[in-house]
Amino acid sequence: MTQATEKNLLDISDLHVAYGKVEALTGIDLTLKEGNLVTVIGPNGAGKTTLLSAIMGILPSKGTIHFNGQDFICPNVETLVGHGLGLVPEKRELFSTMSVQDNLLLGAFQRYRRGDKSYDQTLNEIYKLFPRLWERRQQQAGTLSGGERQMLAIGRAMMSKPKLLMLDEPSLGLAPLITREIFRIFADLRSQGVSILLVEQNARAALKVADYAYVLEGGQIAMQGPAAELANDPKVIEAYLGLASKHQELLSS
Amino acid sequence: MNFQIATLLGQDGLTNGAIYALLALSILLVFTVTRILLIPLGEFVTFGALTMAAMQMGKTPKLEWLLLGLVLIDCALDIYQQIKRHIDRNKMKMVALKLGYAVIIIALLNNLSLSEIPMIAQIALTLCLIVPIGPIIYRLFFQPLADAPALVLLIVSIALHVTMVGVGLLLFGPEGARTQPFSDTGFRLGAVLLKSQTLWVILVSIFLIVALFIAFERTLYGKALRATAVNRMGARLQGISPIFAGKATFALAAFIGSASGILIAPITTLYYDSGFIISLKGFVGAIIGGLVSYPIAAIGAVAVGMIEAFSMFWASNYKEIIVFTLIIPFLIWRSMNSHNVEDDE
């Protein structure tokens, strides 16, 4: 491994999030090395989405978030986006009455504001990655199918050239073939050096592409380790993967 | 009614309609981006007109004290918040910049002989004085309530309107004022004499409407404001701050309001409280557009101007009633046609 991959891009320690008096996350520690793909898996209600929302600053949290050499204590969303954090939320949050192209361009808003004019090039790269979006660039985002919306949401987040891309359940509601396509894109992005934090229900596919994995249960980290090891861990297999999971193996191939 | 009267009324209606269209567009703009019904918009109209009139009479407009007061409160809050958290160099620079701006404007207002400088300079000074009040008002009264329900925002908006009318009385006094027209020449179109101010109003309104359209459809900043209106969380995730969007729309509304005031000041005598009825007619236009459609709102507002002008001829006592009654059939039509769309994606 090179020096760059050794650097911690994201370092979270003792993160607490509460909805009123109910604690959703209690003392989460998580690190992500630059250039790595880390996945967080876990059952429904484990706090996966809450974790991403807290890192992004959407939810107020206690604890320190160390990102790209700076400490953030309960920061706001816009500041973090400015520092190179990107989130593809579970709800996608597209600008449904605006065109696909406008959605993508707005992803580069921070770069435009800073006077970085090279976003046209990124736009072309994204169209190359998702030819479907190019075909539909003049169409309103609200008219897209589920898979296309997911592509648009990922493309829009990539327009800001984030240092760390966080994805919340990118395979939610998608047909298996499209899921496979999207996971292939994550592997591509990782090989281009984009760091990714992936939250997934589709545990087998996620473990297949990831370098390192955390298992979240009841608001706490239940297990962690290199993804390949976790995928063979009997406890994980029993709880999340199941034995007859050949079809899922196909998804991530 | 003969042809000549009809064209005169039409000219009046079109002039007022153009102003109502501008106001309707800014009401719509502010509403879609921030969910606030900007009732105090009319006060920006009167502030613009009365400041201009004060300048032409050679008096220093007392509105400068309002600007200074608001800037001081704003800066004090900024500094207080930074002491509570941590001190940010860039933000301190912004505070210094804001204070410097207010001081420069006040120095200019007090040292120039305001009645003698060219009219374009008077207009520029008036705009420089009033436009910053918009974003500061957003920051002081609406930003802390950004997540409040629309009804709360409406109540604050009404309170703000009443306060600003009071401030207007305090700063400008109860006398009405009228300003000199931009140019004295008239144009003859067949048998009808067109006042040059009418042309100014129509041309500037069209220019502003087209400029707004281009800004919102073609530039990324305009798209960012629209995006905030479409999906607030989505916009935040792209780094578009709703606070920035709110301030920008309030600045635009203050600009359009005061520009409208400057445009109509030579045509009608305005008092400290005339703004409300003017912006209310813009609001009727915005309602016709269902508070969503810009083109329909603009056309509706021009129609309001026309109907007002012609009802002045036939039933001048009832002209306001006729204009505001117009809203009822449109509301009925709107409520019949509207269906609630739950947008969960």
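Since the structure is predicted, the reported quantities are computational estimates derived from the model, not experimental observations.

Student: Teacher, can you tell me more about the packing of helix α4 (residues 89-111) of chain B against helix α5 (residues 119-130) of chain B here?
Tutor: The angle between the axes and the distance between the axes are what describe a pair of packed helices. All names here are of chain B. As a packed pair, α4 and α5 sit with axes 11 Å apart at the nearest point and diverge in direction by 145 degrees. Crossing of α4 over α5 shows left-handed handedness. In contact with Y101, I105, L108 and L109 of α4, α5 contributes L125, C128 and L129. Among the residues making up the contact of α4 with α5, the classes are represented as 7 nonpolar, no polar and no charged.

Student: Please clarify how the nonpolar core should be interpreted in this entry.
Tutor: Counting 78 residues, the largest nonpolar core has L63, I133, I137, F142, F250 and I278 of chain B as its most contacted members. Take this core: its biggest share by element is 13 residues, from helix α1 (residues 3-34) of chain B. What I278 of chain B contacts, discounting residues up to four positions off in sequence, is I19, Y20, L23, V45, I264 and L270 of chain B. If you look at the next biggest cluster of nonpolar residues, it comprises 56 residues, including L94, A205 and L230 of chain A together with A235 of chain B.

Student: Looking at this model, I keep getting lost on the packing of aromatic side chains. Mind explaining?
Tutor: The relation between two aromatic rings is expressed through the spacing of the ring centres and the mutual angle of the planes. Within this structure, the stated rule accounts for 15 aromatic pairs over all chains. For the pair F109 of chain A and Y221 of chain B, a centre-to-centre distance of 5.5 Å together with 80 degrees between the ring planes defines the contact as edge-to-face. Taken together, the positions of F109 of chain A in helix α5 (residues 109-114) and Y221 of chain B in helix α9 (residues 220-230) put the pair across two chains. You can call Y221 of chain B partly exposed: its relative accessible area is 33%. For the pair F330 of chain B and W333 of chain B, a centre-to-centre distance of 6.3 Å together with 80 degrees between the ring planes defines the contact as edge-to-face. With a gap of 3 residues between them, F330 of chain B and W333 of chain B both fall in helix α15 (residues 327-337), about one helical turn apart. We classify F330 of chain B as partly exposed; its relative accessible area is 25%. The class of W333 of chain B is partly exposed, set by a relative accessible area of 46%. Site record: aromatic cluster; members linked through ring pairs are F109, Y112 and Y119 of chain A together with Y221 and F244 of chain B. The ring of W134 of chain A is capped by R137 of chain A, whose NZ or CZ atom sits 3.7 Å from the centre of that ring. The ring of F95 of chain A has R156 of chain A lying over it, and the distance from NZ or CZ to the ring centre is 4.9 Å.

Student: Would you mind showing me how to read the sheet that holds strand β1 (residues 8-19) of chain A here?
Tutor: Two orientations exist for strands paired in a sheet by backbone hydrogen bonds: parallel and antiparallel. Residues and elements named next belong to chain A. Taken in spatial order, the 4 strands make up an open sheet running β2-β1-β4-β5, and their pairing is antiparallel. Of all strands in the sheet, those bounded by a partner on one side alone are β2 (22-33) and β5 (70-72). In this sheet, neighbouring strand axes are inclined to one another by 20 degrees on average, regardless of whether the strands run parallel or antiparallel. Note: strand β4 (residues 62-67) against β5, 3 bridges, orientation antiparallel. Opposite H66, over in β5, you have D71 as the bridge partner. In the packing of helix α2 (residues 48-56) onto the sheet, contacts are made with β1, β2 and β4, and the angle to β1 comes to roughly 110 degrees.

Student: Can you walk me through α4 of chain B in this structure?
Tutor: Helical geometry: 3.6 residues make up each α-helical turn, so side chains three or four residues apart lie on a common side. All names here are of chain B. Relative to the 33 Å expected for 23 residues at 1.5 Å per residue, α4 spans 33 Å between its end C-alpha atoms, a close match to the ideal helical length. All buried positions along α4 are accounted for by V95, A102, I105, I106 and L109. Buried residues along α4 sit against α2 (41-56), α3 (63-84) and α5.

Student: Can you help me understand the pairing of strand β7 (residues 164-168) of chain A in this one?
Tutor: Look at any regular strand and the pattern is simple: side chains alternate between the two faces of the sheet. All names here are of chain A. Among the 5 residues of β7, 5 are classified as buried, and the element is accordingly described as predominantly covered. Burial of the side chains of β7 extends over both faces: L164, M166 and D168 are buried on one face and L165 and L167 on the other. Pairing geometry for strand β6 (residues 85-88) and β7, over 4 bridges, is parallel. Residue V88 lies in a different strand from β7, and its bridge partner there is L167. Note: β7 against strand β8 (residues 195-200), 5 bridges, orientation parallel. The partner of D168 across the bridge, within β8, is V199.

Student: Explanation requested: the interface of chain A and chain B in the structure shown.
Tutor: Contact residues are listed per partner, giving 26 residues for chain A and 21 residues for chain B. Buried surface at the junction of chain A and chain B, summed over both partners, amounts to about 2,400 Å²; 62% is from carbon and sulfur atoms. Sorting the residues of chain A by area buried against chain B places E78, F95 and F109 of chain A first, and these three jointly supply 24% of that buried surface. One can count 2 salt bridges joining chain A with chain B. With its nearest N and O atoms 3.0 Å apart, the salt bridge here joins E78 of chain A to R236 of chain B.

Student: Which parts of the structure should I look at to understand the layout of surface pockets?
Tutor: It is the rolling of a water-molecule-sized probe over the atoms that shows where space remains empty. Approximately 2,600 Å³ is the volume attributed to the largest pocket. The wall of the largest pocket is formed by 50 residues, among which N76 of chain A together with K91, Q143, S241 and I243 of chain B lie closest to the centre. For the lining of the largest pocket, the elements supplying multiple residues, two or more each, are β5, α3 (77-82) and α5 of chain A together with α3, α4, α6 (133-142), α10 (232-237) and α11 (242-264) of chain B. Ranked by residue count, the leading element in the lining of the largest pocket is α4 of chain B, at 6 residues. Its boundaries defined by the atoms lining it, the second largest pocket holds a volume of some 1,400 Å³. What lines the second largest pocket is a set of 37 residues, among which T32, R226, A229, V230 and V292 of chain B lie closest to the centre. Looking at the lining of the second largest pocket, the elements with two or more residues in it are α1, α7 (150-172), α8 (196-218), α9 and α13 (294-314) of chain B. Here the residues of the lining of the second largest pocket are counted per class, giving 22 nonpolar, 6 polar and 9 charged.

The rules behind each value
- Residues numbered from 1 in each chain as written.
- Chains lettered and ligands numbered in written order.
- Predicted model: local features only at pLDDT ≥ 70, side-chain atom pairs only at ≥ 80, totals over all residues.
- Heavy atoms only, no water.
- Axes fitted to C-alpha atoms, helices over the stretch in contact; angles between N-to-C directions.
- Helix = DSSP H or I, 4+ residues; strand = E, 2+ residues; numbered from the N terminus.
- Left-handed = near helix turned anticlockwise from the far one by under 90°.
- Contact = heavy atoms within 4.5 Å.
- Nonpolar A, V, L, I, M, F, W, Y, C, P; charged D, E, K, R; others polar.
- Core = buried A, V, L, I, M, F, W, Y, C linked by side-chain atoms within 4.5 Å.
- Buried < 20%, exposed > 50% of the residue type's maximum accessible area, 1.4 Å probe, protein only.
- Phe/Tyr/Trp six-rings, centres within 6.5 Å; stacked < 30°, edge-to-face > 60°.
- Lys NZ or Arg CZ within 6 Å of the ring centre and 35° of its normal.
- Pairing = 2+ DSSP bridges.
- Expected span 1.5 Å × (residues − 1).
- Buried area = accessible area lost by both parts, 1.4 Å probe.
- Salt bridge = Lys/Arg side-chain N within 4 Å of Asp/Glu carboxyl O.
- 1 Å grid on protein atoms, 1.4 Å probe; cavity = no way out; pocket = protein on both sides within 12 Å on 5 of 7 lines; lining within 4 Å.
- Points joined across faces, edges and corners; volume = space filled by probe spheres on them.

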